[in-house]
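Each chain, written out:
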Amino acid sequence: MAEQGSGGNVIAAICNIFFPGLGQLVQGRIIPALIFAIIVFGGYALWFLVLPAIIAAVVHLWAIIDAAKYTSYRSRYER
């Protein structure tokens with residue numbers, strides 16, 4: 001991914017809308033992808049307790065924003 005706002009980041013953010021963590025996986029970040037997916041799906045599975053579902057919705061939104069604003073460590077210092 002080149003930099004924030006690049007086409008790759010937009011695609012990653014769109015992937016996260018449909019499947020939490022998929023955008024991070026597209027960017028090659030496996031650990032954040034697993035963490036986002038586990039928290040969101042676990043929270044949505046416990047929707048009847050209300051609070052986990054709210055937390056999951058916030059983390060889902062955070063995953064989308066994280067994928068959209070991601071800049072790799074390498075691209076920050078290649079300039």
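Here we summarise the structure given alongside this text. (Residues numbered from 1 in each chain as written. Predicted model: local features only at pLDDT ≥ 70, side-chain atom pairs only at ≥ 80, totals over all residues. Heavy atoms only, no water.)

Counting across every chain of the model gives three aromatic pairs. Relative to W62, the ring of F36 has its centre 5.4 Å away and its plane inclined at 85°; by these criteria the two rings are edge-to-face. With F36 in helix α3 (residues 30–45) and W62 in helix α4 (residues 51–69), this pair connects stretches of sequence that are 26 residues apart. On the basis of relative accessibility, which here comes to 7%, the residue F36 falls in the buried class. Directly above the aromatic system of Y70 lies the positively charged group of R29, at a separation of 4.0 Å from the ring centroid. (Phe/Tyr/Trp six-rings, centres within 6.5 Å; stacked < 30°, edge-to-face > 60°. Helix = DSSP H or I, 4+ residues; strand = E, 2+ residues; numbered from the N terminus. Buried < 20%, exposed > 50% of the residue type's maximum accessible area, 1.4 Å probe, protein only. Lys NZ or Arg CZ within 6 Å of the ring centre and 35° of its normal.)

Between its first and last C-alpha, α3 extends 22 Å over 16 residues, near the 22 Å set by a 1.5 Å rise per residue. Regarding α3, the residues found buried are A33, F36, A37, V40 and G43. Angularly, the buried residues of α3 cover 150° about the axis, an arc narrow enough to put them on a single face. Across from the buried face of α3, at angles greater than 90 degrees, the exposed residues are I30, I31, I38 and A45. In the core, the buried residues of α3 are packed alongside α2 (22–26) and α4. (Expected span 1.5 Å × (residues − 1). Arc of directions from axis to C-beta. Contact = heavy atoms within 4.5 Å.)

Below, the discussion takes up the packing of α3 against α4. At a minimum axis separation of 7 Å, α3 and α4 run at an interaxial angle of 150°. Of the possible angle classes, the one that applies to α3 and α4 is roughly antiparallel. Taken as a pair, α3 and α4 cross one another with a handedness that is left-handed. Contact residues: F36, I39, V40, G43 and Y44 in α3; P52, A53, A56, A57, V59, H60, W62, A63 and D66 in α4. (Axes fitted to C-alpha atoms, helices over the stretch in contact; angles between N-to-C directions. Parallel < 35°, antiparallel > 145°, perpendicular 65-115°, else oblique. Left-handed = near helix turned anticlockwise from the far one by under 90°.)

Remark: helix α1 (residues 7–18) packs on α4, axes separated minimally by 7 Å, with the N-to-C direction vectors making an angle of 165°. Taken together, α1 and α4 sit at an angle that is classed as roughly antiparallel. At the point where α1 passes α4, the crossing takes the right-handed sense. Touching N9, A12, A13, N16 and I17 of α1 are H60, A63, I64, A67, A68 and K69, all from α4. Among the residues forming the contact of α1 with α4, the class breakdown is seven nonpolar, three polar and one charged. (Nonpolar A, V, L, I, M, F, W, Y, C, P; charged D, E, K, R; others polar.)

Moving on, we come to the side chain of R29. When you line up the elements, R29 lands in the loop between α2 and α3. Given the relative accessible area of 13%, R29 is considered buried. In this structure the side chain of R29 is engaged in a polar contact, spanning 3.3 Å, whose partner is the side chain of Q27. What R29 contacts, discounting residues up to four positions off in sequence, is Q24, D66, A67 and Y70. (Polar contact = N/O pair within 3.5 Å; in protein donor to acceptor, adjacent residues only side chain to side chain.)

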